[in-house]
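# Reading the structure
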Amino acid sequence: MSDRIRIAILTASDAGARGEREDASGQLLREWAEALGEVVETVVLPDDAATLERRLWTWVGDGLDVVLTTGSTGLGPRDVLPEVTRRVIDREIPGIAEAMRAESLRHTPFGMISRGLAGAARETLILNFPGSPKAVEELWPVVEPVISHLVRLLHGETRHENS
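Computed from a prediction, not measured in an experiment: that's the story for all the values here. (Residues numbered from 1 in each chain as written. Predicted model: local features only at pLDDT ≥ 70, side-chain atom pairs only at ≥ 80, totals over all residues. Heavy atoms only, no water.)

## As for the nonpolar core
The biggest cluster of nonpolar side chains holds 25 residues, and the ones touching the most others in it are I7, L68, L127, F129 and I147. Those elements that provide at least two residues to this core are β1 (5-12), α2 (24-33), β3 (66-70), α5 (94-107), β5 (118-121), β6 (124-129) and α6 (133-154). At eight residues, the largest contribution of residues to this core is made by α6. Excluding anything up to four places from it in sequence, I7 contacts A33, L36, G37, E38, V39, V40, E41, V66 and L68. Core analysis: the second largest hydrophobic core is formed by 18 residues, V43, L45, V88 and I126 among them. (Core = buried A, V, L, I, M, F, W, Y, C linked by side-chain atoms within 4.5 Å. Buried < 20%, exposed > 50% of the residue type's maximum accessible area, 1.4 Å probe, protein only. Helix = DSSP H or I, 4+ residues; strand = E, 2+ residues; numbered from the N terminus. Contact = heavy atoms within 4.5 Å.)

## A word on helix α3 (residues 49-61)
For α3, spanning 13 residues, the distance from its first C-alpha to its last is 18 Å, which sits close to the expected 18 Å at 1.5 Å a residue. The set of residues buried in α3 consists of L52, E53, L56, W59 and V60. Considered in projection along α3, the buried side chains sweep an arc of 130 degrees and stay on one side of the axis. Facing away from the buried side of α3 by more than 90 degrees, the exposed set consists of R54 and G61. For α3, the secondary structure elements touched by its buried residues are β1, β2 (37-45), β3, α4 (81-88), β5 and β6. Two residues or fewer after α3 comes G63, characterised by a positive phi angle close to 75 degrees. (Expected span 1.5 Å × (residues − 1). Arc of directions from axis to C-beta.)

## Examining the packing of α5 against α6
Following both chains from N to C, one finds α5 and α6 inclined at 160 degrees, their axes separated by 8 Å at the closest point. The pairing of α5 with α6 is recorded here as roughly antiparallel in orientation. The crossing of α5 and α6 is right-handed. Contacts between α5 and α6 involve I96, A99, M100, E103, S104 and H107 on the former and, on the latter, E138, L139, V142, V143 and L150. Split into classes, the residues belonging to the contact of α5 with α6 amount to seven nonpolar, two polar and two charged. (Axes fitted to C-alpha atoms, helices over the stretch in contact; angles between N-to-C directions. Parallel < 35°, antiparallel > 145°, perpendicular 65-115°, else oblique. Left-handed = near helix turned anticlockwise from the far one by under 90°. Nonpolar A, V, L, I, M, F, W, Y, C, P; charged D, E, K, R; others polar.)

## A short note on the packing of aromatic side chains
Under the counting rule described, the total for this entry stands at two aromatic pairs. With a centroid separation of 6.2 Å and 15 degrees between ring planes, the pair formed by W32 and W140 is classed as stacked. Separated by 108 residues along the polypeptide, W32 in helix α2 and W140 in helix α6 bring together distant segments of the chain. We classify W32 as partly exposed; its relative accessible area is 25%. Exposure remark for W140: the relative accessible area of 7% places this residue in the buried category. Here the aromatic cluster, defined as three or more aromatic residues joined through ring pairs, consists of W32, F129 and W140. (Phe/Tyr/Trp six-rings, centres within 6.5 Å; stacked < 30°, edge-to-face > 60°.)

## Side note on the environment of V80
Mapped onto the elements, V80 comes out in the loop between β3 and α4. Along the backbone, V80 and E53 are 27 residues apart, and their C-alpha atoms lie at a distance of 9.9 Å. Ignoring anything within four residues of it in the chain, the contact list for V80 reads D47, D48, A49, L52 and S72.

## Thoughts on the pattern of salt bridges
Evaluated as defined, the whole model comprises nine salt bridges. Here E20 makes a salt bridge to R18, at a shortest N to O gap of 3.1 Å. In this structure, the salt-bridge partner of R55 is E41, at a minimum N-O distance of 2.6 Å. With R55 in helix α3 and E41 in strand β2, this residue pair connects regions lying 14 residues apart in the sequence. Look at E41 and you get partly exposed, because its relative accessible area is 29%. (Salt bridge = Lys/Arg side-chain N within 4 Å of Asp/Glu carboxyl O.)

Set out below in structure tokens:
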């Protein structure tokens, strides 16, 4: 693994893809992700399962270290990102999604509605965030401390410092 984490950001939003809404949550994720590594691509795509899945597979195939997604995690008829993510990942990391929902519940009862997942697809970490900029702001501090460690683990660096 190189020292620089390679990251992509995907916003799933019909309105955003049509240019009708600013991608505020994706922009926030980009700002914070740049402190962890190199953001190689940021895209806004419609809530279309096939389109979203193709993009995730492309990034996994390109060997990106981290994919951060935002949007399409609720219960609306076009909220499909958890299902798409589940088809792409090899291994789910439920503790991350549980921690994100627990933190979200501290701020709003609607936090329990988020269906976002976290998981590994080959050596790529995929994290689903809600589409709200406020939620992204609240949840980034929950996951940021473990991202670099998870990337090292996915690249086979499993030796513990104190072992």
